[in-house]
Amino acid sequence: MSEPAERETIVVIDDDYAIRLSCRKILSKMGFRAETFEDGAQGLEGVARLKPGLAVVDLKMPGISGMEVIARVHEIDPEIVVVVITGYPTIDTAVAAMKCGAYDFLPKPFSPDELRLIVNRGLERRRLAIESRRAEVERALLKRRFVTFVSHQLQTPLVAIHQYLSVLKNLDDTDDAAAKRQQWFDRCLARTGEMQTIIKDWLTLSRIEGDRLSRQRVKVDLKRIVTDILATYEEMARRNTVSLEVRMPEDAYLVRGDRNCLIVLFDNLIVNAIKYNKPGGKVTVSGEAREGEVEISVTDTGVGIPEKYRQLLFDEFFRVEDEGSKKTAGTGLGLAISKRIVSEMGGSIEVESQVNAGSTFRVRLLAFRAQAGEEDNNRSANEFTSEEDTDRGR
Amino acid sequence: MKILKLPKEKLDFFASVVQQFGEVHAPVEQDGKYVFQRLSRWSEARLDYDRTILPPKKYTLPPRETLFQYRAGQGYLPSTEGLDKRIVLMGVHACDVYGLNLLDQVFSGRYDDPPYQTRRKNMAIIGIDCRPDGSCFCRSMRADFVDRGFDLFFYDIGDYYLTLVGTALGDDMVLATGPLFEKASPEDIDEYKRRSSSKRQAFQLEVEIRDLPEIFEMEYQSGIWDELGEKCLSCGSCSMVCPTCYCHDVADDAQLGSRDGGRNRSWDSCLFAAHAAVAGGENFRNSRASRIKLRYYHKHRGFVAEYGRPGCVGCGRCIAACPVEIHIGDVIAKLRGIQNAPSR
Amino acid sequence: MSSPAKKILIVDDDHDFAEAVSSYLEAQGYVVVTAHEGREGLKLAKMERPDLIIMDIVMNERTEGFFTVQELRRTAELKAVPIFVMSSLYSKITDFGVPPDSGWLAHDEFFSKPVEMPALVEKIRQRIGGGEATA
């Protein structure tokens, strides 16, 4: 948006003209919008109207006392940061003011620097409080989405299985039913497989988010990982009449990371490339090792991704629902998980695509660099189990 | 006017309830462009569109329609086909609502046009606000806000649509949807004001219309019309896509035997070669230059004389549709004597 | 002289669920046609003129069922066909935030999935008859 950033408003309530003037000067110079009031009543009106982030209040004023002003200010807005200034600074007044809800205490006379310091600190704290509450709200929302979405995803296959079983129970024994029974058993098994995949994917995602799996930071060879993954998908690729190709001319493509996470990362990309491909199409995994960086690209000759979806592609529940693409089974989580993994490793993942021509997913990761005390041999973490990895250079 | 707000995430529910009031039509994507079309499911709707190819006038003034059937010696029977179909058109921009309001004046002036009126009455309009792009100049044409001609109007204020209820039908729609709508708070109205003011800054194409009719009058002999005549293909696309162009041809279609027949009305354009041809063979606007000059004159001068304001609403469709890129902003800028169009 | 078998249209995006339910209904003597999305369902309804329609609510998108039911109610020749609505996501329409008796969903019966087949058949029989079980 082309709007100029809004200036934060600060209200100063003090019956001393000199204080009001100097505060206004200091605060305006800091870039704030400063409004001053000479007594509590006007000040409270001003707070209600201007909705400031911070209020500077003098304790001893004619009319409503400073203490009462503080209490009333927080009635209007509990978030306002209140800084108390007074010419009679005693421990008692200080404590009383804090108890009333003041953030800090500034004895008169005070220097411009002292005021600046307290104002900045106070507003910073307010910003953090507001942000953390927003994050909490977001987290609660996500959790709700999670619960609704997952329960729906899991309910659908469960309902189908239940329905098959309940109908089988009620259907009379005929030859027709016998043939159907076999077919339906297969369908039930397929649906339970679907549920297992969903649960596995969600667990993976929550592990990555929750950092519960203590992640290794060891040397991993991506070439090895990629070739292993492609081997496991040979059968599926053949069934889909998709050919697989590897173009990684270097001996090894070394990065530092968690082997399991990297497997998940590339598994998602490769299985997508096979699933969303055209019959007779091709999946190419190519690698480039550059100065300090390793780039692995997974290219398919599939249906492609329309421009408008590319922003949303890595979102958690997003699945492209176009007329053209087959309705392929999936949780919509694969790419979200991949992106999460890449971000954790400080890398980047991008997609280039042309509708009906294909897509290329490019993953860039930092190349492995031996740390002090680590052996820099070419043996990577691939041949070892995770316990042994823990012993090696962490 | 009642002011409420609708959570954006409930829009699909709103659309499915509002179906009670008619077929739901909305902008839908088609080959990278947008068209108003009947929805078969809500997710087809693209409310964040820039402009549709054809404006809402295609519903009230269809490209082709039969006015009546006749039988020689017996009289005629007005055609009622499709006239009772109720439609809810969702996602109409302010400029298009404005265009409909202008067409309403044309078709309900001295001579009421029953087919137009009926279709207009049976079409509910749910408007939505928008952000201008490089071809939008509705603000210059004073058509960026409407105060009537819609049943509901949605203004985007973040997670909600601030909703203005325009008619009793709009109110019925709100009542039918029960608890979906909430009361709008002063904060919501503030947010609307903020966005409205930022939208004002976002216009890139500006056209000064204040003394434009006078300048048109003065520049009658300008060479610009010949220049344009050379470029123009007389394809009539600009008329087809214009929300306020209403020229139509009326022709009788006789059956074999010449006893029965129908009278049909179909879209025409002043740019078509035969538009000003009369019986006897005379064609008053033979040259393309004279035809394109007429279109501009009617839109920005003739319409003003008759209806008090130009017929153009600044939707930018003619700019998008013209195959030889004749740009109304350029034309007006040239008339005003400035070398380049005043777009930023 | 037996009357012609009653026809039921099932609209559900889950092929397995539709298969299970339609097999049972067919075994009860009904003729069943199936569609897997709202649009298809509307088309089949117009072509096949079923005696009863069983409709899933949340199909490809959460309001697809609503949309389709409304369309059916607005189609003159289909207005009177009884519609049984099913949903697995919520057990009550009110969980959607839809006020009860609001007429939002002009349906005749509501079932939550998975469905007890005997109960479903009983309700169908009450509504349109038919369903003589084949040997």
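In this text the structure is predicted, and so the values were computed from the model without any measurement.

K.L.:
Go over the overall build of chain B, please, and point to the residues and values.
P.N.:
When you go through chain B residue by residue, the secondary structure sums to twelve helices and twelve strands. The burial tally for chain B puts 38% of its 344 residues in the buried class. Put simply, of all contacts in chain B between residues at least 6 apart along the chain, 71% involve residues at least 24 apart.

K.L.:
Which residues make up the interface of chain C and chain A, and what values go with them?
P.N.:
The interface is formed by 16 residues belonging to chain C together with 16 residues belonging to chain A. At the level of secondary structure, the elements contributing two or more residues to the side of chain C that touches chain A comprise helix H1 (15-27) and helix H4 (117-128) of chain C. Tallying contributions element by element places H1 of chain C first for the side of chain C that touches chain A, with seven residues. For the side of chain C that touches chain A, the class distribution of residues is ten nonpolar, three polar and three charged.

K.L.:
Explain helix H3 (residues 94-107) of chain B to me, and be specific about the residues and the numbers.
P.N.:
Residue pairs three or four apart in sequence face the same way in an α-helix, which turns once every 3.6 residues. All names here are of chain B. The terminal C-alpha atoms of H3 lie 20 Å apart, and with 14 residues this matches the ideal 20 Å at 1.5 Å per residue to within 8%. Considered for burial, the residues of H3 that qualify are Ala94, Cys95, Asp96, Val97, Tyr98, Gly99, Leu100, Leu102 and Leu103. Elements that come into contact with the buried residues of H3 comprise helix H2 (57-60), strand E6 (87-92), strand E7 (123-128) and helix H10 (288-307).

K.L.:
Please provide a residue-by-residue account of the packing of helix H8 (residues 224-231) of chain B against H10 of chain B, values included.
P.N.:
Residue and element names in this part refer to chain B. As a packed pair, H8 and H10 sit with axes 7 Å apart at the nearest point and diverge in direction by 110°. With respect to their mutual orientation, H8 and H10 come out roughly perpendicular. Touching Trp225, Asp226, Leu228 and Gly229 of H8 are Arg288, Ala289, Ile292 and Lys293, all from H10. When the residues that make up the contact of H8 with H10 are grouped by side-chain class, the tally is four nonpolar, one polar and three charged.

K.L.:
Account for the sheet that holds strand E8 (residues 152-156) of chain B, naming residues and giving values.
P.N.:
All names here are of chain B. In spatial order, the strands read E3-E2-E6-E7-E8-E9-E1-E10; together these eight strands make up an open sheet with mixed pairing. Looking along the sheet, the strands with just one partner apiece sit at the ends: strand E3 (33-38) and strand E10 (182-183). Two strands pair when backbone bridges link them, and E7 and E8 are joined in this way by three bridges, in the parallel orientation. Bridging across to E8, isoleucine 126 finds its partner in leucine 152. Set on the sheet, helix H6 (residues 186-201) makes contact with strand E1 (3-7), E8 and strand E9 (160-165); between it and E9 the angle comes to about 95°.

K.L.:
Summarise the nonpolar core; cite the residues concerned and give the values.
P.N.:
Core analysis: the biggest nonpolar cluster contains 109 residues, and Val88, Leu89, Ile126 and Cys138 of chain B together with Ile53 of chain C have the highest contact counts within it. Among the domains, domain 1 (2-60 + 68-202) and domain 2 (212-335) of chain B are the pair contributing at least three residues each to this core. Filtering out sequence-adjacent residues up to four positions away, isoleucine 126 of chain B remains in contact with Val88, Leu89, Met90, Val92, Phe150, Asp151, Leu152 and Phe154 of chain B. Of all hydrophobic cores here, the second largest spans 41 residues; its members include Tyr253, Cys261, Val294 and Val298 of chain A.

K.L.:
Help me get a handle on the sheet that holds strand E2 (residues 31-35) of chain C, residues and values and all.
P.N.:
Residues and elements named next belong to chain C. Pairing is parallel across the open sheet formed by five strands, whose spatial order is E2-E1-E3-E4-E5. The open sheet has two free edges, formed respectively by E2 and strand E5 (109-112), since each of these has just one partner strand. Strand-to-strand twist of the sheet, defined as the mean angle between neighbouring strand axes without regard to direction, takes the value 20°. Relative to strand E4 (residues 83-87), strand E3 (residues 52-56) runs parallel, the two sharing four bridges. Note that in E4 the partner of aspartate 56 across the bridge is methionine 86.

K.L.:
An account of the pairing of strand E5 (residues 104-107) of chain A is needed here, citing residue identities and associated values.
P.N.:
Note that strand E4 (residues 81-86) of chain A and E5 of chain A share four bridges and pair parallel. By the bridge assignment for E5 of chain A, isoleucine 85 of chain A is matched with leucine 106 of chain A.

K.L.:
Quick one: what's the story with the packing of helix H2 (residues 38-48) of chain C against helix H3 (residues 64-74) of chain C, residue by residue and with numbers?
P.N.:
Residues and elements named next belong to chain C. One way to put it is that H2 packs onto H3 with a least axis distance of 9 Å and a crossing angle of 25°. With respect to their mutual orientation, H2 and H3 come out roughly parallel. Crossing of H2 over H3 shows right-handed handedness. The residues of H3 that touch H2, namely those facing Gly38, Gly41, Leu42 and Ala45, are Glu64, Phe67, Thr68, Glu71 and Leu72.

K.L.:
Give me the lowdown on the environment of arginine 317 of chain B, citing residues and values where you can.
P.N.:
Residue and element names in this part refer to chain B. Relative to the helices and strands, arginine 317 is located in helix H11 (residues 317-321). Since 24 C-beta atoms lie within 10 Å of it, arginine 317 is described here as buried. Sequence separation of arginine 317 and serine 135 is 182 residues, and the distance between their C-alpha atoms is 8.0 Å. Excluding anything up to four places from it in sequence, arginine 317 contacts Arg51, Pro55, Val241 and Cys242.

K.L.:
If you had to explain helix H10 (residues 334-344) of chain A to someone new, which residues and values would you point to?
P.N.:
All names here are of chain A. With respect to burial, H10 is a largely interior element, nine of its eleven residues being buried. Here H10 has its buried residues at Gly334, Leu335, Ala336, Ile337, Ser338, Lys339, Arg340, Ile341 and Val342. Immediately beyond the C-terminal end of H10, within one or two residues, lies glycine 346, with a positive phi of roughly 75°.

K.L.:
Lay out the pairing of strand E3 (residues 54-58) of chain A in plain terms, naming residues and giving numbers.
P.N.:
Residues and elements named next belong to chain A. Of all five residues in E3, five are buried; the element is thus mostly enclosed. Burial along E3 is two-sided: the face carrying Leu54, Val56 and Asp58 and the face carrying Ala55 and Val57 are both buried. Note: strand E1 (residues 9-13) against E3, four bridges, orientation parallel. Looking at E3, one finds that isoleucine 13 is bridged to valine 57. Across five bridges, the pairing between E3 and E4 is parallel.

K.L.:
Give a description of unusual backbone geometry that names residues and reports values.
P.N.:
Cis geometry is found at the peptide bond from lysine 108 of chain A to proline 109 of chain A, where omega equals -5°. In this structure, proline 109 of chain A sits in the loop between E5 and helix H5 (112-170). The residue after lysine 113 of chain C, namely proline 114 of chain C, is reached through a cis peptide bond having omega -5°. Inspection of the secondary structure assignment puts proline 114 of chain C in the loop between E5 and H4. Of note, the phi angle at asparagine 356 of chain A is positive, near 75°, even though the residue is not glycine.

K.L.:
Describe the environment of serine 40 of chain B, and please don't skip the residues or the numbers.
P.N.:
With respect to the secondary-structure elements, serine 40 of chain B resides in the loop between E3 and H2. Along the backbone, serine 40 of chain B and histidine 25 of chain B are 15 residues apart, and their C-alpha atoms lie at a distance of 9.1 Å. Setting aside chain neighbours within four positions, we find serine 40 of chain B in contact with Gly38 and Arg39 of chain C.

K.L.:
So what about the confidence of the model for chain C? Which residues, and what values?
P.N.:
Residue and element names in this part refer to chain C. For chain C, the mean per-residue pLDDT works out to 83, and 83% of the residues sit at or above 70. Averaged pLDDT values for the elements of chain C fall to 85 in E5 and rise to 96 in strand E1 (residues 7-11). Reported confidences for the modelled complex are a pTM of 0.69 and an ipTM of 0.83.

Conventions adopted
Residues numbered from 1 in each chain as written. Chains lettered and ligands numbered in written order. Predicted model: local features only at pLDDT ≥ 70, side-chain atom pairs only at ≥ 80, totals over all residues. Helix = DSSP H or I, 4+ residues; strand = E, 2+ residues; numbered from the N terminus. Buried ≥ 20, exposed ≤ 12 C-beta atoms within 10 Å, placed from the backbone. Contact = placed C-beta atoms within 7 Å. Nonpolar A, V, L, I, M, F, W, Y, C, P; charged D, E, K, R; others polar. Expected span 1.5 Å × (residues − 1). Axes fitted to C-alpha atoms, helices over the stretch in contact; angles between N-to-C directions. Parallel < 35°, antiparallel > 145°, perpendicular 65-115°, else oblique. Pairing = 2+ DSSP bridges. Core = buried A, V, L, I, M, F, W, Y, C linked by C-beta atoms within 7 Å. Domains from an automatic or database assignment. Left-handed = near helix turned anticlockwise from the far one by under 90°. pLDDT = per-residue confidence, 0-100.

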